[in-house]
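Survey of secondary and tertiary structure
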Amino acid sequence: MDKLAIHGGVRLKGEVTVSGAKNAALPVMAASILAPGEHNIYNIPDLRDITTMGKLLAHLGMGYHQENEEVILQSNNISSIEAPYDFVKTMRASVLVLGPLLARMGETKVSLPGGCAIGARPINLHIMGLEKMGATFTLTDGYIHAKAKKLRGATICFDIPTVTGTENLMMAATLADGLTVLENAACEPEVMDLANALISMGADIEGAGTNLIRINGVTSLKPLNYRIVPDRIETGTFITAAAITGGEILINSCNPVHSDAFINKMKDAGVSIEAKDSQLLVKGPDKIIAEDIKTMPYPGFPTDMQAQFMALMTIAEGSSLITESIFENRFMHVAEMRRMGANIKVEGSTATVKGVKSLKGAQVMATDLRASASLVLAGLAAGGETVIDRVYHIDRGYERIEEKLKMLGAKIRRIR
Ligand code: EPU
């Protein structure tokens, strides 16, 4: 298992380019199931989760080829309707094939995901929505077996906005009979990107990016020729890297609008951020001001930036309250940060972070994707050496993280 070793204390300086968004690329790849033909998707990050999705599509009988930032998928023949446990346990987003397979094949068997490191993460809302559209579900041997000769439009109200749930239903509804209305839908930029990709395939979708999405079913779709949006979480992570090291970074190829809530909070914390088109110039302050946050669905503060923000707050002046309202167990990084000298107390869904003068390098363990990014950030700020174990988590969602940080002057190396 690879480790990352970081010698902290270097002010990062230079330019970095953001990759395509993992959480937009995954559903767009799944959308290729909906239309036969050759699909070309651009600005795809080179990540483990992307490869897993590609292999899953190949398992379904599709052609999958990845070269540089392009993925080519061939979906003329789909020979299997099953998403096996091995894929779903490796990556929960495998469940994104549920809606498209049901729409195109009229039947699918998808392994039911178990709990994960950050929470229980059920998929009851995906199932509820598809049932409303006429699908029937049975559970056997840990697999959900869904059938629907032809899905029909329905009005579906989510009691909680769900990102992949909204995406699954939106994809299924593109080929259903009649109108589907999704109420209290997720508004995340990744949902909007999927909608734009589907519209480019010929789908009739209105309102994506708001909490009310209307999809009029069409009889067929054409293959994808689509470019994925920049990754707002990678963008936020680099903003934090500049802030936590007191450095100065120019971030290229990003979409500042998608990071609005996060950028505003960072400005409140004393970080200087100037946005221009697809660039952000970030200057870390000498003193970081403690700020409270509560994670919320988009456009609120993203749960996927909570751990990284906490890393910054560990060395802020004052106390910060960090409330996680999306997932019930997303504080696994706290115990690791404490090993580096952070002063953090957790009570229920709120962590109180009392800023300390400095962090000290230590051996720590990554527990999930964003937690591992937060430990890299803490390591960049800490005195001495930090060694992060189980970095396969970070490889799922950050493209060439150590190379990009090295280009900014970080002393980071991978131990294989
Ligand atoms: N939920 C239910 N029932 C459902 C679906 C969701 O109760 O059927 C609950 C979840 O348990 C959670 C809340 O609703 O408490 C929101 O979960 P959501 O469904 O929105 O999360 P997700 O679609 O599984 C995506 C991202 C996550 C990101 C969340 C929240 C992808 C592939 N994953 O997950 O990304 O944290 O939205 O924004 O898009 C990551 O990249 O590190 C990551 C975990």
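What comes next concerns the included structure. Bear in mind the structure is a predicted one, so any value in this text is a computation, not a measurement.

Bringing the pattern of salt bridges into the picture now. Scanning all chains against the criterion turns up 14 salt bridges. Linking R396 and D49 is a salt bridge whose minimum nitrogen-to-oxygen distance equals 2.8 Å. Of this pair, R396 sits in the loop between α13 (392-395) and α14 (401-407) while D49 sits in helix α2 (residues 48-59), placing them 347 residues apart in sequence. Like R396, the residue D49 is buried in the burial classification. Close ionic contact of K265 with E291 constitutes a salt bridge, the shortest N to O distance being 3.6 Å. Of this pair, K265 sits in helix α9 (residues 260-268) while E291 sits in the loop between β17 (279-283) and β18 (293-294), placing them 26 residues apart in sequence.

The biggest cluster of nonpolar side chains holds 74 residues, and the ones touching the most others in it are M53, V97, M133, M170 and L198. Broken down by element, the residue count for this core peaks at seven residues, all from helix α1 (residues 22-31). Among all residues touching M53, those that are not within four sequence positions of it are L26, M29, A30, M91, A93, L96 and V97.

Turning next to the sheet that holds strand β1 (residues 3-7). Pairing is mixed in the open sheet, where four strands are placed in the order β22-β23-β1-β24. Because the sheet does not close on itself, it has two edges, and the strands there are β22 (363-365) and β24 (411-415). Taking each pair of neighbouring strands and ignoring which way they run, the sheet shows an average axis angle of 20°. In this structure, β1 lies alongside strand β23 (residues 385-389), joined through four bridges in antiparallel fashion. Of the residues in β23, the one forming a bridge with L4 is I388.

Next up on the list: α9. Within α9 the residues assigned to the buried category are F262, I263, K265 and M266. Down the axis of α9, the buried set is contained in an arc of 165°. They therefore lie on one face. Tucked inside the fold, the buried residues of α9 contact α8 (232-245), β16 (272-276), β17, β18 and α10 (306-313). Positioned one or two residues after α9, G270 has a phi angle of 100°, which is positive.

Now for helix α7 (residues 189-200). Taking 1.5 Å of rise per residue, the twelve residues of α7 would be expected to cover 16 Å, and the 16 Å separating its terminal C-alpha atoms lies within 8% of that figure. Turning to α7, its buried residues number three or more, namely P189, E190, V191, D193, L194, A195, A197 and L198. Of the surrounding secondary structure, the elements contacted by the buried residues of α7 are α1, α6 (163-174), β12 (204-206), β13 (212-216), β14 (225-227) and α8. Of the residues trailing α7, G202 is marked for its positive phi of about 110°.

Here the focus is the site of the ligand. Close contacts around the ligand come from 22 residues, with N124, T162, T164, D304 and I326 the closest. Between an oxygen atom of the ligand and a side-chain N or O atom of D304, the distance comes to 2.6 Å. Notes on the ligand: free accessible area 830 Å², of which the protein chains cover 88%. Contributing elements (two or more residues each) for the shell around the ligand: α1, α5 (124-132), α6 and α12 (369-381).

The element strand β9 (residues 143-147) is largely enclosed, with a buried count of four among its five residues. Of the strand pairs in this sheet, strand β8 (residues 136-140) and β9 are connected by five bridges, and their pairing is antiparallel. Within β9, the position partnered with F137 by the bridge is A146. With antiparallel pairing between neighbouring strands as the criterion, β8 and β9 make up a hairpin whose turn holds two residues, including D141 at a positive phi of roughly 50°.

Here we come to the pairing of strand β21 (residues 350-354). Across the two faces of β21 the burial differs, with A351 and V353 buried and T350, T352 and K354 not buried at all. As paired strands, strand β19 (residues 319-323) and β21 are joined by five bridges and run antiparallel to one another. Bridging across to β21, S320 finds its partner in V353. For strand β20 (residues 343-347) and β21, the ladder comprises five bridges, and the chain directions are antiparallel. Opposite N343, over in β21, you have K354 as the bridge partner. Once β20 ends, the chain turns through two residues before running back antiparallel as β21, passing G348 with a positive phi of about 60°.

Next up on the list: the sheet that holds β20. Sheet strands pair via backbone hydrogen bonds, and the direction of the pair is either parallel or antiparallel. Read across the sheet, four strands follow the order β18-β19-β21-β20 without closing on themselves; strand pairing throughout is mixed. Whereas interior strands pair on both sides, the edge strands pair on one side only; in this sheet they are β18 and β20.

Rules of the game
- Residues numbered from 1 in each chain as written.
- Predicted model: local features only at pLDDT ≥ 70, side-chain atom pairs only at ≥ 80, totals over all residues.
- Heavy atoms only, no water.
- Salt bridge = Lys/Arg side-chain N within 4 Å of Asp/Glu carboxyl O.
- Helix = DSSP H or I, 4+ residues; strand = E, 2+ residues; numbered from the N terminus.
- Buried < 20%, exposed > 50% of the residue type's maximum accessible area, 1.4 Å probe, protein only.
- Core = buried A, V, L, I, M, F, W, Y, C linked by side-chain atoms within 4.5 Å.
- Contact = heavy atoms within 4.5 Å.
- Pairing = 2+ DSSP bridges.
- Axes fitted to C-alpha atoms, helices over the stretch in contact; angles between N-to-C directions.
- Arc of directions from axis to C-beta.
- Expected span 1.5 Å × (residues − 1).
- Near = heavy atom within 4 Å.
- Polar contact = N/O pair within 3.5 Å; in protein donor to acceptor, adjacent residues only side chain to side chain.
- Areas by Shrake-Rupley, 256 points an atom, 1.4 Å probe, with all protein chains shown as cover.

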